[in-house]
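# Results of the structural survey
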Amino acid sequence: MSNKKTPVKTELFASKAPLEWAITANNTLYTAQIPIDETGKVVEGGIEAQTRKTFENLVHTLECAGVSTNEVLQVLIYVTDREYLATVNKVYAEYFEAPYPNRAAVVVAGLAREEMLVEFVVYAQASK
């Protein structure tokens, strides 16, 4: 990887917003993931379904960049209700093992789409 900002090609829904699902630069992958399906709709089913879909989108993005969950360095978790954190933690433990990524969890009043309950911002080592 180089110092040049390079978008990661994924098969995630092509957003109309001015964004890339992931960028690499300086041997680091930068990505934000939300619980949307292949049509761009936020998945239904509550916090567990949304957390699982967000992780599926993350894993897909990491794989497209040639990176695994073992190379994730930091995860910033945004939820719209403090009570959701127990469910997020349960699902999180299915995707990461010790040594775990550094992490912060923030409870917010709302996310970009009203129906979204969770969003991740993730940084990973991308020096392959």
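A few points on the structure. (Residues numbered from 1 in each chain as written. Predicted model: local features only at pLDDT ≥ 70, side-chain atom pairs only at ≥ 80, totals over all residues. Heavy atoms only, no water.)

## A few points about the overall build of the protein
Tallying secondary structure elements over the protein gives two helices and six strands in all. Its C-alpha radius of gyration of 14 Å places the protein within 12% of the 14 Å reference for a compact globule of 128 residues. Viewed in the frame of its principal axes, the protein has a C-alpha envelope of about 40 × 35 × 20 Å. Sorting the 128 residues of the protein into buried and exposed places 40% on the buried side. Sequence separation of at least 24 residues holds for 69% of the intrachain contacts in the protein that already meet a minimum separation of 6. (Helix = DSSP H or I, 4+ residues; strand = E, 2+ residues; numbered from the N terminus. Rg over C-alpha atoms; globule rule 2.2 N^0.38 Å. Buried < 20%, exposed > 50% of the residue type's maximum accessible area, 1.4 Å probe, protein only. Contact = heavy atoms within 4.5 Å.)

## Some thoughts on unusual backbone geometry
Looking along the chain, the bond that leaves Ala98 and enters Pro99 is cis, with omega of 0°. Considering the arrangement of structural elements, one finds Pro99 in the loop between helix H2 (85-95) and strand E5 (102-107). If you check the backbone angles, Asn26 has positive phi at about 50° while not being a glycine. Turning to its location among the elements, Asn26 is positioned in the loop between strand E2 (22-25) and strand E3 (28-33). Of note in this structure, Asn27 is not a glycine but carries a positive phi near 60°. In this structure, Asn27 sits in the loop between E2 and E3. Since its relative accessible area comes to 33%, Asn27 is described here as partly exposed.

Geometry only, nothing functional implied.
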